[in-house]
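# Architecture at a glance
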Amino acid sequence: MSEGTMQRRVQRDQRAKRLNRVLAGAAAVPVMLVAAGCSSDSGSGDSADKAAGAGASASASASPSPTVQAAAYSKLPEACKVLSKKTLEDLAPKAKSGKEGNSDDISTRASCSWDSLDNNGVKGSQFRWLNVSMLRFESDAARGSADKLAQEYYAKQVQDAQAVEGAKATASEPVTGTGDQATAVHYDLKKREGTFKQQTVVARVENVVVTVDYNGAGLAGDKTPSGKDLLKDAKKAAEEAVAAVSEANGGGGKASGAPSKSPSKSSSKSPSKSPSKDASKKPVAKS
């Protein structure tokens, strides 16, 4: 074999070795790319799962349950003890004791009434009837706050007092210094026994509505009492009853003074726990 032939063979062998190395390297590249691609896909999946979980958690925390402000007062005082002895002596001097009204829950609804008949024989008699009723409201997520419900019931009580059948010379006026809101309604009501002077004071303190009914008449020929004097006495009784509500709850809230920041503009027909009609409507007089 000549020298030129051997040289060509060596060159062919070298070229073959280089080609094999190139082919081997090219075959390894796809494997590496596939491995890198799998690793990249796995990382993206984990991130997506974590992001989805965080989004769901944020969505759940963004929708809290609806809440309403808690009621300021949680109980009522004993209805027959809301007025002082001196006040009872002035308004119902012949009443021996108060008569407590019927109630399924005295912490929510309570009332007490006093009858007084000063019999002077042939000179006639003086009759007085006094009633204090209290209604407390609780906050309700569906119906609203206790304060709002009390405002609505307060407005309804005032409207009812202004619309008594047979009432004459009906008039109303705001009362200051008694709870958050207070209104006095007065009118004359003629009965067989005589003319009765009716006074109704409706007051709201926080989530409690207090209604004071007070009337008087001169019977058997005795003179008719002064409506002005009776109204003054009714306002005094309402002020004491409102203060008793505050004291029964530790003295919190507004027993007297400032008017309500958001007075009711409309009445409601559905007060809390549907109070019985006898809690606010009492017979004007007893024969």
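Look up a bit, the structure's there.
Residues numbered from 1 in each chain as written. Predicted model: local features only at pLDDT ≥ 70, side-chain atom pairs only at ≥ 80, totals over all residues. Heavy atoms only, no water.

## Some thoughts on unusual backbone geometry
Even without being glycine, Ala169 reaches a positive phi, approximately 55°. Relative to the assigned elements, Ala169 resides in strand 4 (residues 168-174). Of note, the phi angle at Ala220 is positive, near 55°, even though the residue is not glycine. Structurally, Ala220 is set in the loop between strand 7 (208-219) and helix 4 (227-248). (Helix = DSSP H or I, 4+ residues; strand = E, 2+ residues; numbered from the N terminus.)

## Examining the packing of aromatic side chains
Following the criterion strictly, the structure yields two aromatic pairs and no others. Aromatic side chains Phe127 and Phe196 sit 6.1 Å apart centroid to centroid with 80° between the ring planes, which places their arrangement in the edge-to-face category. Of this pair, Phe127 sits in strand 3 (residues 125-136) while Phe196 sits in strand 6 (residues 195-205), placing them 69 residues apart in sequence. Here the aromatic rings of Phe137 and Tyr153 are separated by 5.6 Å at their centres, their planes lie at 55°, and the arrangement is tilted. In this pair, Phe137 sits in the loop between strand 3 and helix 3 (146-162) while Tyr153 sits in helix 3, placing the two residues 16 residues apart along the sequence. Each of the two residues, Phe137 as well as Tyr153, counts as buried. (Phe/Tyr/Trp six-rings, centres within 6.5 Å; stacked < 30°, edge-to-face > 60°. Buried < 20%, exposed > 50% of the residue type's maximum accessible area, 1.4 Å probe, protein only.)

## Structural notes on helix 4
Look at helix 4: 31 Å from first C-alpha to last across 22 residues, which is about the 32 Å you get at 1.5 Å a residue. The complete set of buried residues in helix 4 reads Leu230, Leu231, Ala234, Ala237, Ala238, Ala241, Val242, Ala244, Val245 and Ser246. On its buried face, helix 4 is in contact with helix 2 (85-91), strand 3, strand 4, strand 5 (181-190), strand 6 and strand 7. Just beyond helix 4, the residue with positive phi is Gly250, at close to 85°. (Expected span 1.5 Å × (residues − 1). Contact = heavy atoms within 4.5 Å.)

## Brief notes about the pattern of salt bridges
Inspection of the entire model under this criterion finds 11 salt bridges. Residue Glu138 is joined to Arg136 by a salt bridge in which the shortest nitrogen-to-oxygen separation is 2.7 Å. Two residues, Asp180 and Arg204, come together in a salt bridge whose shortest N-O distance is 3.9 Å. Here Asp180, found in the loop between strand 4 and strand 5, pairs with Arg204, found in strand 6; they are 24 residues apart in sequence, far enough to count as distant. Here the two residues Asp180 and Arg204 agree in accessibility, since each one is buried. Here the residues in one salt-bridge network are Lys86, Asp90 and Lys236, joined through shared partners. (Salt bridge = Lys/Arg side-chain N within 4 Å of Asp/Glu carboxyl O.)

## Section: the environment of Asp118
Within the element layout of this structure, Asp118 appears in strand 2 (residues 109-119). Here the alpha-carbon distance between Asp118 and Arg128, two residues 10 residues apart in the chain, equals 8.6 Å. Setting aside its immediate chain neighbours within four residues, Asp118 contacts Lys94, Gly124, Ser125 and Gln126.

## Points about the pairing of strand 6
Two faces belong to every sheet, and in a regular strand the side chains alternate between them. Among the 11 residues in strand 6, 10 count as buried, and that is most of the element. When strand 5 meets strand 6, the two strands line up antiparallel, connected through 10 bridges. Opposite Ala182, over in strand 6, you have Ala203 as the bridge partner. Hairpin geometry of strand 5 and strand 6 is characterised by an intervening segment of four residues between the two adjacent antiparallel strands and by a positive phi of about 155° at Gly194. The sheet contact formed by strand 6 and strand 7 spans nine bridges and is antiparallel. Its bridge partner lying in strand 7, Val202 is registered against Thr211. (Pairing = 2+ DSSP bridges.)

Everything listed is a geometric property; what it means functionally is a separate question.
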